[in-house]
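# Topology and contacts: notes
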Amino acid sequence: MATVAFGNFYYFLYIALGVLITLLMVRFLRNKTTKFRYWFIFGLIIFNLLIHFLKIFIYPYNTVPYVLTKVSFENVCAVSALLYPFLFFAKNKTLKDYMVLVGMASGIITFIYPVDVMSLFFNGQEGFFSSARPAFMFENIRFYLSHLIIFLVPFLMMHYGFHTLSIKRAYRAPFMLVIILVIIFINELILTMIGWIPKSQFFDPRFRNPSFIFGVRGDLGGLGMILGVFVPMAFRSNPWFIGEAYLPVIWLVLPAMIYGGLIALAFMFIYDTKETLYFFKLKMRIKPFEEPYDLKE
């Protein structure tokens, strides 16, 4: 059976399709007016919002007892899908920076490491799928399409000048990411308090563990090592839970700051190259390059 596995043909096929669709979108909008581009991008946002909510009618979401939990703020990408309609019109540059940086980064990371597509887990249930999911399972197609749009919206915004990044604001993005992780935790807390999630599963990373706020699940060992490098031992246990669980959200703060900062910096070198280079020249006390004479003379 054709399945998506890390590095196999179908893994790269979805990546290739994502790149192709992105290039086609850029080409399609190339000769369009600014107004058309603006509302077209917003149309993508609304389309993705519909994809996010309508998934409750397809397998495996239609097997979940309280299916509305699956369209809540249950992970970083879900937050993006739900907040994009508001962030798109936001005047606050920090909020727009979050939309661009986290949206583009999470979309790219999802294609590089498509956890949900390759995992036998679903909704915190180990072994929900008895075997690897078919490569072209409807949910897999929806998953890739939704995350492509999460990337595509801020990419097109940047490509056509609807937002500009600044190295002066780069430090704010990791803090915004931590705030989003707190929102995800509050979402899980509320869903547990109203009885939509069993109280016995709260804090337990083996079950519902959106964006790894409670720790790293057993089938994500490699990712756990990457995140765990910067986690102090004091955060590797949870006083409110008996078992292997990290201090909720707090354990992710340092990794979010470090990896989030590096991702933000990478985007600054791409989209704010001149100011970013100048910023580092000043920090390293290197004088900006000056021509020894006027080349026009």
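In this text, all values refer to a predicted model and were calculated from it rather than measured experimentally.

One pass over the structure, following the stated rule, counts 39 aromatic pairs. Note on Phe-230 and Tyr-259: the rings are 5.6 Å apart at their centroids and 75° apart in plane angle, and the pair reads as edge-to-face. Separated by 29 residues along the polypeptide, Phe-230 in the loop between α8 (221–228) and α9 (250–271) and Tyr-259 in helix α9 bring together distant segments of the chain. Taken together through their ring pairs, the aromatic side chains of Phe-9, Tyr-10, Tyr-14, Phe-111, Phe-136, Phe-143 and Tyr-144 make up a single cluster. Lying over the aromatic face of Phe-28, Lys-32 brings its terminal NZ or CZ to 4.3 Å of the ring centre. It is Lys-70 that lies over the ring of Phe-122; its NZ or CZ is 5.2 Å from the centre.

So, about the nonpolar core. Ranked by size, the top nonpolar core spans 66 residues in total, and within it Tyr-98, Met-99, Val-153 and Leu-156 carry the most contacts. Breaking this core down by element, the ones donating at least two residues are α1 (9–29), α2 (34–54), α3 (76–87), α4 (93–112), α6 (138–159), α7 (172–193) and α9. The element best represented in this core is α6, accounting for twelve residues. What Leu-156 contacts, discounting residues up to four positions off in sequence, is Val-26, Leu-29, Ile-41, Leu-44 and Phe-162. In terms of nonpolar packing, the next biggest core, distinct from the first, is built from ten residues, Ile-58, Phe-122, Phe-128 and Phe-129 among them.

Here we come to the confidence of the model for the chain. When pLDDT is averaged along the chain, the result is 90, and 93% of the positions lie at 70 or above. No element of the chain has a lower mean pLDDT than α8, at 68, and none a higher one than α2, at 98. A low-confidence stretch, residues 291–297 stays under pLDDT 50, and its non-local contacts, those more than four residues away or across chains, total zero contacts.

With respect to the helices and strands, the residue Phe-241 is situated in the loop between α8 and α9. Between the C-alpha atoms of Phe-241 and Thr-69, which are 172 residues apart in sequence, the distance is 22 Å.

Moving on: empty space enclosed by the protein. In the structure shown here, the tally under the stated rule is one cavity of 30 Å³ or more. Looking at the largest cavity, the residues that line it are Glu-188, Thr-192, Ile-197, Gln-201, Phe-202, Arg-208 and Phe-214. Considered class by class, the residues forming the lining of the largest cavity number three nonpolar, two polar and two charged.

Parameters and conventions
- Residues numbered from 1 in each chain as written.
- Predicted model: local features only at pLDDT ≥ 70, side-chain atom pairs only at ≥ 80, totals over all residues.
- Heavy atoms only, no water.
- Phe/Tyr/Trp six-rings, centres within 6.5 Å; stacked < 30°, edge-to-face > 60°.
- Helix = DSSP H or I, 4+ residues; strand = E, 2+ residues; numbered from the N terminus.
- Lys NZ or Arg CZ within 6 Å of the ring centre and 35° of its normal.
- Core = buried A, V, L, I, M, F, W, Y, C linked by side-chain atoms within 4.5 Å.
- Buried < 20%, exposed > 50% of the residue type's maximum accessible area, 1.4 Å probe, protein only.
- Contact = heavy atoms within 4.5 Å.
- pLDDT = per-residue confidence, 0-100.
- 1 Å grid on protein atoms, 1.4 Å probe; cavity = no way out; pocket = protein on both sides within 12 Å on 5 of 7 lines; lining within 4 Å.
- Points joined across faces, edges and corners; volume = space filled by probe spheres on them.
- Nonpolar A, V, L, I, M, F, W, Y, C, P; charged D, E, K, R; others polar.

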